[in-house]
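Residue-level listing of the chains:
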Amino acid sequence: MTVPAKPQSQQLKVLDDLSIHYCELGPADGYPVMFLQGSGPGASGWLNFRYNAYAFAEAGYRAIIPDLPGFGDSDKPDTDYTLDFFVSAVMGMADQLDLPRFALVGNSLGGAISLGLALQHPQRVSHLILMGCGGLEDQITYFQTMPGIQAMTKVPLDSPDFTPAYLKEVLQLIVYDPGFITDELIEERFRVLKTQNSSVFKRMVIPNLTDQLARITQPILGFWGGQDRFCPVSGAEKIVTHCPDAQMITLSRCGHWAMIEHADLFNQRSIEFLESNPV
């Protein structure tokens, strides 16, 4: 798969003095779609969505891809990485960019943040596209039952044992086909990993939002891999059971990265979903 070129990075300040790096594609007057990445060692917005952003831009959308705080090239404060902290940072970014309403695309942690944004700021969020969404189990369930989470947190980020070879082992658990974990991806994620604050995992607290899902009235499109080792596929059933306007695509031969492992399908169905649910 050809690796798309990353647009020039930009930055802005939120929450007083927190620097957020982001990139944009598509027309400035296009309807804004903000892409929120998953967590994990060395994660960044562009690495999560580089096979998707151009398709949205070519369809006329303004694709905005930030690095969440604690990840990518954004600031990595020594703080509690709570859901409210992430929601406030993303809303601060939306305010700075003057986005009165926007759609959200969220993978894993980014999915949980998307749910949090829809719950806390329903008038600002128009659509949700979720992949392997977090925030649908108690935290202990993820740590005790999901082998990807266990591997990701077993070795501290700042340990000399967290080598590129170990990073490759962790990332291969994310996908069904390990061929997606290229040397280029390992190199870039290890570059980011070396700058990360271990607090981003040790002090991350994301609540179980299942009992609040019925309050989310925005249209939802979800994708879930049958071989997801990070977020159990039972989350797909929770969303379509509790949310009043949700549809879910579950995929065999797919892990935690539906938007990468099945990029063409993801892009086509997501754009169709946005077009069929006009603002």
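Here, every reference points to the structure presented above.
Before going into details, it helps to say that this report is about the structure given with it. These numbers come from a predicted model, not from an experiment.

Attention shifts here to the side chain of Ser270. Turning to its location among the elements, Ser270 is positioned in helix α12 (residues 263-276). Looking at Ser270, the relative accessible area reads 0%, which means it is buried. Leave out the neighbours within four places in its chain, and Ser270 touches Phe56, Ile129, Leu221 and Phe223.

So, on to helix α4 (residues 109-120). With 12 residues, α4 should reach 16 Å at 1.5 Å per residue; the first-to-last C-alpha distance of 16 Å fits that figure. Those residues of α4 lying buried are Leu109, Gly110, Gly111, Ala112, Ile113, Ser114, Leu115, Gly116, Leu117, Ala118 and Leu119. The elements touched by buried residues of α4 are β3 (32-36), α3 (83-96), β6 (102-107), β7 (125-131) and β8 (204-205).

Let's shift gears to the layout of surface pockets. Quantified by volume, the largest pocket comes out at close to 160 Å³. Lining of the largest pocket is provided by Met1, Val3, Leu47, Arg50, Tyr51, Gly179, Phe180, Thr182, Glu184, Leu185, Trp257 and Ile260. Taken together, the residues of the lining of the largest pocket sort by class into 8 nonpolar, 2 polar and 2 charged.

Before going further, it helps to examine empty space enclosed by the protein. Using the criterion set out here, one finds 2 cavities of 30 Å³ or more in the structure. What lines the largest cavity is a set of 30 residues, among which Ser39, Ser108, Ile149, Met152 and Met204 lie closest to the centre. Listed by contribution, the elements that provide at least two residues to the lining of the largest cavity are α4, α5 (139-145), α6 (147-154), α7 (164-172) and α9 (199-202). Partitioning the lining of the largest cavity into residue classes produces 17 nonpolar, 11 polar and 2 charged.

Summarising the element assignment, Arg253 is placed in the loop between β10 (246-251) and α11 (258-261). Measuring from C-alpha to C-alpha, the distance between Arg253 and Asp228 comes to 9.5 Å, with 25 residues separating the pair along the chain. Sequence-distant contacts of Arg253, that is, excluding residues within four places in its chain, are made with Tyr176, Gln227, Glu261 and His262.

So, on to the pattern of salt bridges. As a working rule, side chains carrying opposite charge can pair if their charged atoms are close by. Overall, the coordinates contain 10 salt bridges when judged by the stated rule. Note that Arg62 is salt-bridged to Glu24, the shortest N-O span being 2.9 Å. Of this pair, Arg62 sits in strand β4 (residues 62-66) while Glu24 sits in strand β2 (residues 18-25), and the two are 38 residues apart along the sequence. For the pair Arg62 and Glu24, a shared accessibility class is recorded, and that class is buried. As a salt-bridge pair, Arg269 and Glu272 come within 4.0 Å of each other at their nearest N and O atoms. Of the two residues, Arg269 and Glu272 both sit in helix α12, 3 residues apart, roughly one turn of that helix. Taking relative accessible area as the criterion, Arg269 reaches 33% and is therefore assigned partly exposed.

What follows covers the packing of α3 against α4. At their nearest, the axes of α3 and α4 sit 9 Å apart, and the two run at 75 degrees to each other. By the angle class used here, α3 and α4 are roughly perpendicular. On α4, the residues touching Leu83, Asp84, Phe86, Val87, Val90 and Met91 of α3 are Leu109, Ala112, Ile113, Gly116, Leu117 and Gln120. Of the residues in the contact of α3 with α4, the class split is 9 nonpolar, 2 polar and 1 charged.

Cut-offs applied
- Residues numbered from 1 in each chain as written.
- Predicted model: local features only at pLDDT ≥ 70, side-chain atom pairs only at ≥ 80, totals over all residues.
- Heavy atoms only, no water.
- Helix = DSSP H or I, 4+ residues; strand = E, 2+ residues; numbered from the N terminus.
- Buried < 20%, exposed > 50% of the residue type's maximum accessible area, 1.4 Å probe, protein only.
- Contact = heavy atoms within 4.5 Å.
- Expected span 1.5 Å × (residues − 1).
- 1 Å grid on protein atoms, 1.4 Å probe; cavity = no way out; pocket = protein on both sides within 12 Å on 5 of 7 lines; lining within 4 Å.
- Points joined across faces, edges and corners; volume = space filled by probe spheres on them.
- Nonpolar A, V, L, I, M, F, W, Y, C, P; charged D, E, K, R; others polar.
- Salt bridge = Lys/Arg side-chain N within 4 Å of Asp/Glu carboxyl O.
- Axes fitted to C-alpha atoms, helices over the stretch in contact; angles between N-to-C directions.
- Parallel < 35°, antiparallel > 145°, perpendicular 65-115°, else oblique.

No statement about biological role is implied by the geometric values presented.
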